[in-house]
Amino acid sequence: MRHRKGVKKLGRNGPHRRSTLRNMTTSLFRYERIHTTEAKAKALRPFAERLVTLAKRGDLAARRLAAKQISDAQVLQKLFGEIAERCADRPGGYTRVLKTGVRRGDRASTALIELVDRNAATAATEPQEVNVE
């Protein structure tokens, strides 16, 4: 029985699921918006929001905990720099999941997950959506 088990398995074993979430989180913080399946977006949301909360703390221990999940140094710098200061006054809810319909090949429901306080300047220079599937 799986009663009160909070993790979504996503059809993967534990290490593969953690790796998928880490890679998707890195892409989310790099592009500030990614396009993926609805199940992956819903599983990614608490993982990413926990890292933004660590970035808001900003101390060395929080940076080391976040560095365990994000291996790209530039993305980690962006998270603790501009993303943390944009979300400084927000008590939570740093991401939003927008449903975008179904994928043509397998009818999987797709969604767009993005940071709520997305910068308008970066939105104009970066691609509109990045597929992570």
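Further up the page is the structure itself.
Right, let's walk through the structure included here. (Residues numbered from 1 in each chain as written. Predicted model: local features only at pLDDT ≥ 70, side-chain atom pairs only at ≥ 80, totals over all residues. Heavy atoms only, no water.)

Considering the packing of aromatic side chains
Using the criterion set out here, one finds 0 aromatic pairs in the structure. The cationic tip of Arg63 hangs over the ring face of Phe80; the distance from NZ or CZ to the ring centre is 4.4 Å. (Phe/Tyr/Trp six-rings, centres within 6.5 Å; stacked < 30°, edge-to-face > 60°. Lys NZ or Arg CZ within 6 Å of the ring centre and 35° of its normal.)

So, the pairing of strand β3 (residues 109-115)
Along any regular strand the residues' side chains alternate between the sheet's two faces. Of all 7 residues making up β3, 6 are buried, and the element is well covered by its neighbours. Bridge count for strand β1 (residues 33-37) against β3 is 5 bridges, and the pairing is antiparallel. When the sheet's bridge partners are listed, Thr36 is paired in β3 with Ala111. With 7 bridges joining them, strand β2 (residues 95-102) and β3 adopt antiparallel strand pairing. For Leu98, the partnering residue across the bridge sits in β3 and is Leu112. (Buried < 20%, exposed > 50% of the residue type's maximum accessible area, 1.4 Å probe, protein only. Helix = DSSP H or I, 4+ residues; strand = E, 2+ residues; numbered from the N terminus. Pairing = 2+ DSSP bridges.)

Remarks on the environment of Leu51
Considering the arrangement of structural elements, one finds Leu51 in helix α2 (residues 38-57). A residue is classified by how much of its surface remains accessible, and Leu51, at 4% relative accessible area, is buried. Distance in space between the C-alpha atoms of Leu51 and Leu76 is 9.9 Å, their sequence separation being 25 residues. Apart from the residues lying within four places of it in its own chain, the contact partners of Leu51 are Thr25, Phe29, Ala66, Gln69, Ile70 and Leu79. (Contact = heavy atoms within 4.5 Å.)

Re the nonpolar core
Grouped together as the largest cluster of nonpolar side chains are 31 residues, with contacts concentrated most on Phe29, Ile34, Leu44, Leu51, Ile70, Leu79 and Phe80. Of all the elements in the fold, those that place two or more residues in this core are α1 (14-31), α2, α3 (60-69), α4 (73-86) and β3. Per-element tally for this core: the top contributor is α2, with 9 residues. Beyond its immediate stretch of four places on either side in the chain, Leu44 contacts Leu21, Met24, Thr25, Leu28, Ile34 and Ile113. (Core = buried A, V, L, I, M, F, W, Y, C linked by side-chain atoms within 4.5 Å.)

Some details on the sheet that holds β1
Hydrogen bonding along the main chain pairs the strands of a sheet, whether they run parallel or antiparallel. Pairing is antiparallel across the open sheet formed by 3 strands, whose spatial order is β1-β3-β2. The outermost strands of the open sheet, each flanked by one partner alone, are β1 and β2. The mean inter-strand angle of the sheet, taken between neighbouring strand axes irrespective of direction, is 25°. Strands in contact with α1 are β1, β2 and β3; relative to β1, the strand with the most contacts, it is inclined by about 145°. (Axes fitted to C-alpha atoms, helices over the stretch in contact; angles between N-to-C directions.)

Shape descriptors only; they carry no functional weight alone.
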